[in-house]
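Summary of structural features
Now for the letters of each chain:
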Amino acid sequence: MTVDLLIRDAYIYVDRDHEIADGWLAIKDRRVHSVGAEVATAPPARTILSARGQLVTPGLINAHHHMYQNLTRAYAPVTNGTLFEWLTGLYPLWADLDAESVYLSTCVAMVELLMGGCTTSMDHMYVHPKPFLIDAQFRAARDIGFRFYATRGSMTRSVKDGGLPPASVVQDEDTILADSERLVAAFHDASPGAMGRVALAPCSLFSVSERIMTESARLAEKHDLRLHTHLAEDPDEDRYCADVYGCTPTEYFERVGWATPRSWVAHYIYPSSDEIDRLAHAGVCTAQCPCSNMMIGGGAADAMGMRRRGMRVGLGCDGSASTDHGSMWLETRMALLLGRFRNGPHSMSARDALDMATRGGAACLGWEDEIGHLRPGACADLVIWKMSDIARAGALSDPVEAWLRCAPAVAGTTIVNGAILVEDGVPVMSNLAEILRDHAREARRIQRL
């Protein structure tokens, strides 16, 4: 029996519990067929890649992102604002989004993610000034070959209703619910090895009505879907929930029926210890976004503390306009630095951070059986990491620690669903120059330059 691809002579991180020095990994029919330590035991292959001296890991999983925001990266008027100042400054610009700009921004985001070692990403698309924007994202994912988990975001409360966004980017409840049903019917693939799935994701507790929260939970139960939202991200959210609902954000989250194993939340910076315990017990996961939290200066969750309490924690790049990059490798490194800065050098290792970026992200997406590891039967989503000889000189004893400590590392080869999408550090995409040219045009239009 001949496999499709054999990667040999690599240090293979299969998962947190299994690493192989000088190992091999075989891919057949878009799945990990087998792994081993002795080259003599490897199956014959149509194609052989030597990864001598390099680290191979599962593809990283981005559990929180806003891809369209790369159209407004480093937008000067809001670079030093708080979260709410940043949002109110950019909402009027995002009102000019259309299917073309969303397609282009999604293409750029996915290529950037691939170059940073990410093979599966969700996207939280909650601004809908025009219809069918998520359709454009699925078109981009198909064109690139990226494993994509769309989340149908929504906002119902504009400025006139006490919210932050202008009326041009919010929608009425019936439109949101009808489009949620349409997207699930059109794009959600629950089958094994799916390349596209859909979850429901009202933006935040202060931007949608209670009906959208409760109806989204009902639809998720009806169609067996995941649920996602921002939660406890900013002290202003605490004040808003106290004034409007008479409770904390977590208490409201529980009240509307979201404290279930279907849900994962972004950030979760300001809960109490008891609230963390309650959501962990309910099976809720969270996505930490280290770079965005540090860039905005709004605090960050204690990821390792949450893990000790039983909560599964993944990582996310968050909005490109708050973090201004889309590298999951960088988020993983920053998670390590932030955790050690917060709790000391014994509190977190590179393997903890890598586990968050792989199995933690898979847990957020409810996809632990197939992605986030390289055990036989997993989807063939993996990365051969590249680092300059200068950067890794002297790093001889621990390739996983060296991967995050001896920066920078980039994806030399990124494989998704058995297909090579980045080769020798370069995206395998013939029309990338055209995409970047058109993206620049749309970014200038939206920024009104």
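Residues numbered from 1 in each chain as written. Predicted model: local features only at pLDDT ≥ 70, side-chain atom pairs only at ≥ 80, totals over all residues. Heavy atoms only, no water.

**Description of the overall build of the protein chain**
On a plain count of helices and strands, the protein chain comes out with 16 helices and 19 strands. Its C-alpha atoms give the protein chain a radius of gyration of 21 Å, near enough to 22 Å, the size a compact globule of 449 residues would have. Viewed in the frame of its principal axes, the protein chain has a C-alpha envelope of about 70 × 50 × 45 Å. Counting across all 449 residues of the protein chain, residues that qualify as buried make up 61%. Here the analysis covers contacts within the protein chain between residues at least 6 apart in sequence; of these, 75% occur between residues at least 24 apart. Split by element, the accessible area of the protein chain, about 16600 Å² in all, is 53% carbon and sulfur. (Helix = DSSP H or I, 4+ residues; strand = E, 2+ residues; numbered from the N terminus. Rg over C-alpha atoms; globule rule 2.2 N^0.38 Å. Buried < 20%, exposed > 50% of the residue type's maximum accessible area, 1.4 Å probe, protein only. Contact = heavy atoms within 4.5 Å. Areas by Shrake-Rupley, 256 points an atom, 1.4 Å probe, with all protein chains shown as cover.)

**Some details on the domain arrangement of the protein chain**
Once the domains are mapped, the protein chain shows domain 1 (1–56 + 372–425) and domain 2 (58–363). At the interface, 34 residues of domain 1 touch 33 residues of domain 2. In this assembly, domain 1 packs against domain 2 so that about 2700 Å² is buried in total across both faces, 59% of it on carbon and sulfur atoms. Ranking the residues of domain 1 by area buried against domain 2 places Arg16, Gly372 and Leu404 at the top, with a combined share of 25%. Taking the shortest distance from any N to any O, the salt bridge between Arg359 and Asp17 comes out at 3.7 Å. Remark: the boundary between domain 1 and domain 2 carries 11 residue pairs in polar contact (both at pLDDT 80 or more). Those elements that place two or more of their residues in the side of domain 1 that touches domain 2 are strand 1 (3–15), strand 16 (382–386), helix 15 (399–405), strand 17 (410–416) and strand 18 (419–423). Taken together, the residues of the side of domain 1 that touches domain 2 sort by class into 20 nonpolar, five polar and nine charged. (Domains from an automatic or database assignment. Buried area = accessible area lost by both parts, 1.4 Å probe. Salt bridge = Lys/Arg side-chain N within 4 Å of Asp/Glu carboxyl O. Polar contact = N/O pair within 3.5 Å; in protein donor to acceptor, adjacent residues only side chain to side chain. Nonpolar A, V, L, I, M, F, W, Y, C, P; charged D, E, K, R; others polar.)

**Side note on helix 6 (residues 235–245)**
Among the residues making up helix 6, those that are buried are Glu237, Tyr240, Cys241 and Tyr245. Seen along its axis, helix 6 keeps its buried residues to an arc of 95°; they face one direction. Residues of helix 6 that are buried in the fold lie against strand 11 (227–231) and helix 7 (249–255). The N-capping residue of helix 6, defined by a side-chain oxygen 2.8 Å from the backbone nitrogen of Asp236, is Asp234. (Arc of directions from axis to C-beta.)

**Let's talk about the environment of Arg226**
Relative to the elements of secondary structure, Arg226 occurs in the loop between helix 5 (210–223) and strand 11. Residue Arg226 is classed as buried on the basis of its relative accessible area of 12%. For the pair Arg226 and Tyr11, spaced 215 residues apart in sequence, the C-alpha to C-alpha distance is 34 Å. With near-sequence residues (within four places) excluded, Arg226 lies in contact with Tyr149, Ala199, Leu200, Pro261, Arg262, Ser263, Trp264, Ala363, Cys364, Leu365 and Gly366. At 3.3 Å, the side chain of Arg226 forms a polar contact with the backbone oxygen of Ala363. There is a polar contact of 2.7 Å between the side chain of Arg226 and the backbone oxygen of Cys364.

**Here we look at the pattern of salt bridges**
Here the structure, examined in full by the defined rule, presents 38 salt bridges. Two residues, Arg211 and Asp174, come together in a salt bridge whose shortest N-O distance is 3.1 Å. Of this pair, Arg211 sits in helix 5 while Asp174 sits in helix 4 (residues 173–187); the two residues are 37 residues apart in sequence, bridging distant segments of the chain. Judged by its relative accessible area of 35%, Arg211 falls in the partly exposed class. With its nearest N and O atoms 3.2 Å apart, the salt bridge here joins Asp438 to Arg441.

**A closer look at the pairing of strand 3 (residues 31–36)**
Both strand 2 (residues 18–28) and strand 3 contribute to a ladder of five bridges, which runs antiparallel. Each bridged residue has a counterpart across the sheet, and for Ile27 the counterpart in strand 3 is Val32. Counted along the chain from strand 2 to the antiparallel partner strand 3, the turn is two residues long, and its residue Asp29 has a positive phi close to 55°. (Pairing = 2+ DSSP bridges.)

**Overview of the packing of aromatic side chains**
This model, assessed by the stated rule, comprises 14 aromatic pairs. Geometrically, the ring pair formed by Tyr91 and Trp94 is edge-to-face, given 5.7 Å between the ring centres and 85° between the ring planes. Remark: Trp94 and Tyr91 occur in helix 1 (residues 83–94); sequence separation between them is three residues, near one turn of the helix. With respect to class, Tyr91 is no different from Trp94; both count as buried. Across the ring face of Tyr103, the terminal group of Arg139 is positioned such that the distance to the ring centre comes to 4.0 Å. Above the ring of Trp367, the side-chain terminus of Arg197 is found at 3.9 Å from the ring centroid. (Phe/Tyr/Trp six-rings, centres within 6.5 Å; stacked < 30°, edge-to-face > 60°. Lys NZ or Arg CZ within 6 Å of the ring centre and 35° of its normal.)

**Things to note about the side chain of His373**
The residue His373 is located in the loop between helix 13 (350–364) and strand 16 in this model. In this structure His373 comes out as buried when scored by relative accessible area, which is 3%. Here Glu368 takes part through its backbone oxygen, which lies 3.4 Å from a polar atom of the side chain of His373. One polar contact links the side chain of His373 to the main-chain amide nitrogen of Arg375, over a distance of 3.1 Å. When sequence neighbours within four positions are dropped, the list of residues in contact with His373 reads Val14, Asp15, Pro58, Glu368 and Ala378.

**So, the UniProt feature "domain: Amidohydrolase-related" (unreviewed entry) in the protein chain**
As recorded in UniProt, the sites labelled "domain: Amidohydrolase-related" (unreviewed entry) are residues 55–397. Structurally, residues 55–397 is divided into 44% helix and 16% strand, and its ends, taken at the C-alpha atoms, are 13 Å apart. (UniProt positions renumbered as here; feature names shortened; annotations may be inferred.)

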